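Each chain, written out:
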Amino acid sequence: MASGSDAEGEAVSGAQLIAESLRAQNIEYMFGVVGIPITEIAIAAQAIGIKYIGMRNEQAACYAASAVGYLTGRPGVCLVVSGPGFLHALGGMANASMNCWPLIVIGGSSDRNQETMGAFQEFPQAVRTSIYGRPGSCYIDIPGDFVNLQVNKSSVKYLECCLPPPISMADKSAVSEAVSIMAHSEQPLLIIGKGAAYSHAENNIRKLVDLCGLPFLPTPMAKGVVPDNHPNCVAAARSMALQHADVIVLLGARLNWILHFGLPPRFRPDVKVIQIDICAEELGNNVRPAASLLGDISTVTKQLLEEFSKRPWKYPSSSQWWKRLREKIMYNEEKSKGLELQKSLPMNYYTVFHHIRELIPRDCILVSEGANTMDIGRTMLPNYHPRQRLDAGTFGTMGVGLGFAIAAAMVAKDRTPEKRVICIEGDSAFGFSGMELETICRYNLPVLIIVVNNNGIYTGLDTDAWKEMLKFGEPATCMPPVSLLPNSHYEQIMSAFGGKGYFVKTPEELQNALKASVADKQTPSLINVMIDPQSERKKQEFPWLTRSNM
């Protein structure tokens, strides 16, 4: 880019060029906290139709931008100042990279003539790929003097929008080997990961499940790729399915901590794993696969369907494996139902989620975070459509909830305005980014937030126990580290910004608040649900998702 401007040509600023370059790449949304020198970039972005959502913290802004990448397939942009702004965004960048979501973070740094001199908020940066191969976060550093630099527009070389990521297919021999292994399985299991959701593989995967009669298990953010109410879903018998399957097909799922690394005693020592992934480095991680299929999830699933059309096979629904799975599903569902219908007060998690499930729209976008809140919500709140559940994900990040909810609400407003966003938070998780309620109200996003409040992290204290603990001295020395202030009125924060707040203690109050909030499609709402501070999830045979219970 040539500096200066020609008197006969049109001048354009660096901020305008940045905005125009982003728009040329079909970037629609930008989130951030403005300051010197990036305020002009936000203004320039708005001027050409990019939606800028000003957040209250760079971390929440980065979470929001990454969620846009997952929901739309095009990266959202997080705009930050350098130094502390960039550091605050690191959590979101790490979360995006671990979840494999496309994200672009743009930061403004010091002027070029001040580099290495200890200039204001100077920090070294690097650029990473965003959407090709395995998606992730990318950082672009913009020197401060570039933002306001004026150049002759005719001297600027404009680039066209980059092509969509190339679609790769698995080796034909690997596909044939995978089909042969599946056809000889006695206790097969299909595990669907969020990589399948990101690749929009739902149509092909549903055909595969129906064609082959396979039991399937979705990972949390893959719920809805095949509807949770599909008769082949064995999520309610998760532990048993994982422990006893002799052949497991991994569709865009990783054998990381969420799946206990694929190792005994969680899995059979002799389990045969068929691994399908877009990233070569992931193949064979922790467990040596019986077949490795490198490629796009949707495309590889189509290859499997084509192979099965040549040599048809369907797993018998009358098998002993199916019988055992169905018996376990019925047992676990009955056990949960007993907890759901308890009448005692304060309410437990299961009672709360029972009423939430009955009253929220079936097609809503669910955002969830918190320890027990998220884990129990995964089992009790079904998904019927893909890419409509956002939670702490691979990195187990807390504080993502409100950023994700804001991103989902912005995308829904443009694409499916009738769709509601329901954000269900533990009280501890809500505290990470609670001031984003002001952002929600400022942009008039009709998000319904439900805070499941047990006065603590994992567990808390009721008011009487709290007062009793204070008798032992200074709270910093005697109060349990997991405790939070009892009966905090988080709903009043929402009311303070113009939304509607509800403080509920009984099932009847919860039902009334839910009905009113769901019916009001214009106003943001927060329902603060008080539950038993000692309420926990039912005992897990293998509590690998909740380390606190191990």
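Since we're looking at a predicted model, the values are computed, not measured.

A. Representation of helix α20 (residues 507-519). For α20, spanning 13 residues, the distance from its first C-alpha to its last is 18 Å, which sits close to the expected 18 Å at 1.5 Å a residue. In this fold, the buried residues of α20 make contact with α12 (349-359), β16 (448-453), β19 (500-504) and β20 (525-530).

B. Layout of the packing of aromatic side chains. The full count for this structure, using the stated rule, is 7 aromatic pairs. With centroids separated by 4.7 Å and ring planes inclined at 20 degrees, the aromatic side chains of Y70 and W101 adopt a geometry described as stacked. With a gap of 31 residues between them, Y70 in helix α3 (residues 58-72) and W101 in the loop between α4 (84-99) and β5 (103-109) connect regions that are remote in the sequence. On the accessibility criterion, Y70 (1% relative accessible area) is buried. Judged by its relative accessible area of 1%, W101 falls in the buried class. The ring of Y384 has R362 sitting right over it, with the charged end atom 3.8 Å from the ring centre.

C. Region of interest: the pattern of salt bridges. If you walk through the whole model with that rule in mind, you get 18 salt bridges. The residue E202 makes a salt bridge to R387 at a minimum N-O spacing of 2.8 Å. Pair noted here: E202 is in helix α8 (residues 202-212) and R387 is in the loop between α13 (371-380) and β14 (389-390), with a separation of 185 residues, a long-range link. Two residues, R357 and E358, come together in a salt bridge whose shortest N-O distance is 3.5 Å. A network of salt bridges, in which partner residues are shared, links R56, E438 and R442.

D. Molecular detail of the pairing of β16. Among the 6 residues of β16, 6 are classified as buried, and the element is accordingly described as predominantly covered. Burial along β16 is two-sided: the residues L448, I450 and V452 and I449, V451 and N453 are all buried. In this structure, strand β15 (residues 421-426) lies alongside β16, joined through 5 bridges in parallel fashion. Looking at the pairing, E425 lines up with V451 of β16. Note that β16 and β20 share 6 bridges and pair parallel. Within β20, the position partnered with I449 by the bridge is L526.

E. Inspection of a nonpolar patch on the surface at higher detail. On the surface, W257, F261 and L263 cluster together to form a nonpolar patch covering roughly 250 Å² of accessible area. Within the element layout of this structure, L263 appears in the loop between β10 (247-251) and β11 (272-277). Given the relative accessible area of 36%, L263 is considered partly exposed.

F. Inspection of the sheet that holds β11 at higher detail. Reading across the sheet, the 5 strands line up as β9-β8-β10-β11-β12 and stay open at both edges, with parallel pairing between neighbours. What marks the edges here is a single partner per strand, and that holds for β9 (216-218) and β12 (291-294). Ignoring which end each strand starts from, the neighbouring axes of this sheet average 15 degrees apart. As paired strands, β10 and β11 are joined by 5 bridges and run parallel to one another. Each residue of the ladder has a partner; that of I248, found in β11, is V273. Across the face of the sheet, helix α10 (residues 297-310) comes into contact with β10, β11 and β12 while running at roughly 130 degrees to β11.

G. Structural context of the packing of helix α11 (residues 320-340) against α12. At a minimum axis distance of 7 Å, the contact between α11 and α12 shows a crossing angle of 95 degrees. As judged from the angle between their axes, α11 and α12 are roughly perpendicular. On α12, the residues that touch S336, L339 and E340 of α11 are Y350, T351, H354 and R357. The class makeup of the residues in the contact of α11 with α12 is 2 nonpolar, 3 polar and 2 charged.

H. Representation of the sheet that holds β19 in the model. Here we have 6 strands laid out as an open sheet, ordered β14-β13-β15-β16-β20-β19, and parallel in their pairing. Each having just a single partner strand, β14 and β19 make up the two edges of the open sheet. Strand contacts of α12: β15, β16 and β20, with the helix running at about 165 degrees to β16, the strand carrying the most contacts. With respect to the sheet, helix α14 (residues 401-415) is in contact with β13 (365-369), β14, β15 and β16, its orientation differing from that of β15 by roughly 180 degrees.

I. Layout of the environment of S173. With respect to the element layout, S173 can be found in helix α6 (residues 172-183). On the basis of relative accessibility, which here comes to 52%, the residue S173 falls in the exposed class.

J. Structural detail: the confidence of the model for the protein chain. Counting all residues, the mean pLDDT for the protein chain is 92, and 92% of those residues have values of 70 or more. Counting contacts from residues 544-550, a segment whose pLDDT is below 50, to residues more than four positions away or on other chains yields 20 contacts.

K. How the structure looks around the side chain of N332. Its place among the elements puts N332 in helix α11. Those residues in contact with N332 that sit more than four places away from it in its chain are A236 and A237.

L. Broad picture of the nonpolar core. Core analysis: the largest hydrophobic core is formed by 110 residues, its most contacted members being F31, I205, L293, L390 and I449. The next biggest cluster of nonpolar side chains, apart from the first, holds 25 residues, and it includes F353, L381, L448 and V518.

M. Structural view of the pairing of β15. Where burial is concerned, most of β15 is hidden: 6 out of the 6 residues are buried. Burial of β15 is two-sided: the residues V421, C423 and E425 facing one way and the residues I422, I424 and G426 facing the other way are all buried. The sheet contact formed by β13 and β15 spans 5 bridges and is parallel. Looking at β15, one finds that S368 is bridged to I424.

N. Representation of helix α2 (residues 39-47) in the model. Residues of α2 that are buried include every one of I41, A42, A44 and A45, and no others. Looking straight down α2, one finds its buried side chains confined to an arc of 165 degrees; they lie on one side. Residues I43 and A47 are exposed on α2 and point more than 90 degrees away from its buried face. Each element contacted by the buried residues of α2 is listed here: α1 (14-24), β2 (29-32), β3 (51-54), β4 (76-81) and α5 (144-148). Immediately beyond the C-terminal end of α2, within one or two residues, lies G49, with a positive phi of roughly 100 degrees.

O. Representation of the packing of α12 against α13 in the model. Relative to each other, α12 and α13 sit at 50 degrees, their axes nearing to 10 Å. Judged by the angle between their axes, α12 and α13 are oblique. For the element pair α12 and α13, the recorded crossing hand is right-handed. Contacts from Y349, Y350, F353, H354 and R357 of α12 reach α13 at N372, T373, I376, G377 and M380.

Rules used in this analysis
- Here, residues in each chain are numbered from 1, in the same order as that chain's written sequence.
- In keeping with the predicted nature of the model, local features appear solely for residues at pLDDT of at least 70, side-chain atom pairs appear and are counted solely at 80 or more, and the whole-chain, interface and lining totals rest on all residues.
- Heavy atoms from the whole structure form the basis of all side-chain values; hydrogens and water molecules are not counted.
- The helix and strand labels rest on DSSP assignments: H or I over at least four residues marks a helix, E over at least two residues marks a strand, and numbering proceeds from the N terminus.
- Working rule for helices: expected span equals 1.5 Å times residues minus one.
- Contact definition: two residues touch when any of their heavy atoms are within 4.5 Å.
- To pair, rings of Phe, Tyr and Trp, with the six-membered ring standing in for Trp, must have centres within 6.5 Å; the planes then decide the type, stacked if under 30 degrees apart, edge-to-face if over 60, and tilted in the middle.
- Partly exposed describes any residue whose relative accessible area lies between the buried limit of under 20% and the exposed limit of over 50%, with all areas from a 1.4 Å probe on protein chains only and scaled to the type maximum.
- By the criterion adopted, a ring carries a charge over it if an Arg CZ or a Lys NZ lies within 6 Å of its centre and within 35 degrees of its normal.
- Salt bridges are defined by distance alone: a side-chain nitrogen of Lys or Arg within 4 Å of a carboxyl oxygen of Asp or Glu.
- In this description, strands pair whenever DSSP reports at least two bridges between them.
- Only residues above 30% relative accessible area that lack a salt bridge enter a patch, with like-charged residues linked at up to 9 Å and the nonpolar side chains Val, Leu, Ile, Met, Phe, Trp and Tyr linked at up to 5 Å.
- Computed with a 1.4 Å probe, the accessible areas rest on the Shrake-Rupley method; for each residue, only the protein chains presented here act as cover.
- The axes are straight lines fitted to the C-alpha atoms, using for helices just the contacting stretch, and the angles between their N-to-C directions are given from 0 to 180°.
- Here roughly perpendicular refers to angles of 65 to 115 degrees, roughly parallel to angles under 35, roughly antiparallel to angles over 145, and oblique to all remaining angles.
- Only Asp, Glu, Lys and Arg are considered charged in this grouping, and only Ala, Val, Leu, Ile, Met, Phe, Trp, Tyr, Cys and Pro are considered nonpolar; every other residue, Gly among them, is considered polar.
- Residue-level confidence of the predictor is summarised by pLDDT, bounded by 0 at the bottom and 100 at the top.
- Joining through side-chain atoms within 4.5 Å is the link that ties buried Ala, Val, Leu, Ile, Met, Phe, Trp, Tyr and Cys residues into a set, and such a set is a nonpolar core.
- This arc corresponds to the set of directions leading from the helix axis out to the C-beta atoms.
- The hand of a helix crossing depends on one turn: near helix anticlockwise from the far one by less than a right angle means left-handed, and clockwise means right-handed.

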